[in-house]
Amino acid sequence: MHSSYPDRCIIVFSARKEVILFCKGIFGEIFRLFIYPSFFLPEQKDVVEPEAVLVDPGISVRCNQFELDALITRFYAVKPVFIVPQNELAFFLSRYSSNDFSFIPIPCDPEMLRGFPFFCKKNSVKEYKSDPEWPAVANSDIAGLDKMIGDSVCMKSLKHKIAFIAKEEVTLLLQGETGTGKTFAADLIHALSKRKGKRFCTINMSTVPENLADSELFGTVRGAFTGAVEHSGIFGAADGGTLFLDEIGNTPLSVQAKLLRVLETYHYRSIGSAEEKKTDVRLIFATNANLKELISRGEFRLDLYNRMNIVPLVFPSLRDHKEDIPLLADDVVKNHNKKISDKAKYVLMKYDWPGNIRQLIHCLKRACLFCNNDVITACDIFID
């Protein structure tokens, strides 16, 4: 038994030396292995609840896939995973025509197995310990984040921080790659805050033309210029609620100076108005850019960064918590009244997802749209 994961086990049915050595070499450091040298089921009293049952199909030429399933599931609540030597793959696939099974070809690159559903759970079984710099939060507060899917260590840490900080009246800076869920999280933070029920306004700073920034942000008064009408601007519209400024890293320097003044005084002046208005908003900023790098190049103001960066929250890329992919996949396809096979999940977990969760969701929605069956298989997965 390996000391790191003593409670995890795999049951292996095989009599072939090469298969047994492969299982010991690949899985032996993570799982306790129970190896049965021929195809027979252990006594009921000896049954250990495994995370996987690995079956060498060569141990019984009499059994087809469904008979093996029936035998295994008499004792275990998991479907068997087949261990197939490379030179037997063609024969194996001709016998087991269903798509709803998983297999591991051997020999294979151990790195290939890092994305295998049960194998990659090794990261999630690590005991999560909250960051000592963050105060404890009630389980009921974290339960309010059940829409944020993920049980990995990094996602549990992020949920803990969000559950605490959502109720505090403090400016936030959300950082992470495109598609990691920053906008989704900002909406959740507002819904969990003291301002829930008030307006949640968003503005993408990369789409605001520099010459129209004052009008878009702070509004105009009627007659300020030819054709000018009364317009509150985004700060006026969000008064009393939450204002989410996305892609803040793409904001022109001249506009950054105006935002800095608002952060310092929470006062602004609409175009054409002689009076200053006070704004009561909670500000949440987000960026996929490296702001420190932009500062070093003179493209972002250090003083604005310091004002924004009161509480930074970093969103992990999907490739850093691949163990959450099966949960995410189940959640997406469930909303389309579909299920997804383990083999399809395995395909998803082999990919690094540069577009992160957003790209994964689009991929699964496409599979749901074009899949003619109730179960999405590996053949239905198309990654662009």
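Given the structure is predicted, the values throughout are model-derived calculations rather than measurements.

Q: How do you make sense of the nonpolar core when you look at a structure like this?
A: Within soluble globular proteins, side chains that are nonpolar generally end up buried alongside one another. Formed by 29 residues in total, the largest nonpolar core has its most connected members in Leu217, Phe235, Leu243 and Met308. Of all elements in the fold, only β7 (200–204), α7 (213–218), α8 (233–237), β8 (242–246), α9 (253–265), β11 (282–287), α10 (291–296) and α11 (302–308) reach the threshold of two or more residues within this core. Apart from residues lying up to four places away in sequence, Leu217 is in contact with Ile203, Met205, Gly233, Ile234, Phe235, Val255 and Leu259.

Q: When you look at the pattern of salt bridges in this model, what are you seeing that I'm missing?
A: Side-chain pairs of opposite charge can arise where the charged atoms are in close proximity. Tallying each qualifying case throughout the model produces 13 salt bridges. Between Arg195 and Glu169 there is a salt bridge; the shortest N-O distance is 2.8 Å. With Arg195 in the loop between α6 (182–192) and β7 and Glu169 in the loop between α5 (153–165) and β6 (172–175), this residue pair connects regions lying 26 residues apart in the sequence. On the accessibility criterion, Arg195 (9% relative accessible area) is buried. Note that Glu293 is salt-bridged to Arg297, the shortest N-O span being 2.8 Å. By relative accessible area, Arg297 is classed as partly exposed at 45%.

Q: Any chance you could explain the pairing of strand β1 (residues 9–13) here in plain terms?
A: A regular strand places its side chains on the two faces of the sheet in alternate fashion. Counting buried positions over the 5 residues of β1 gives 5, a clear majority of the element. Residues Cys9, Ile11 and Phe13 line one face of β1 and the alternating positions Ile10 and Val12 line the opposite face, and both faces are buried. Bridge analysis of β1 against strand β2 (residues 32–36) gives 5 bridges, and the strand direction is parallel. Each bridged residue has a counterpart across the sheet, and for Cys9 the counterpart in β2 is Arg32. When β1 meets strand β3 (residues 52–55), the two strands line up parallel, connected through 4 bridges. Looking at β3, one finds that Ile10 is bridged to Ala52.

Cut-offs applied
Residues numbered from 1 in each chain as written. Predicted model: local features only at pLDDT ≥ 70, side-chain atom pairs only at ≥ 80, totals over all residues. Heavy atoms only, no water. Core = buried A, V, L, I, M, F, W, Y, C linked by side-chain atoms within 4.5 Å. Buried < 20%, exposed > 50% of the residue type's maximum accessible area, 1.4 Å probe, protein only. Helix = DSSP H or I, 4+ residues; strand = E, 2+ residues; numbered from the N terminus. Contact = heavy atoms within 4.5 Å. Salt bridge = Lys/Arg side-chain N within 4 Å of Asp/Glu carboxyl O. Pairing = 2+ DSSP bridges.

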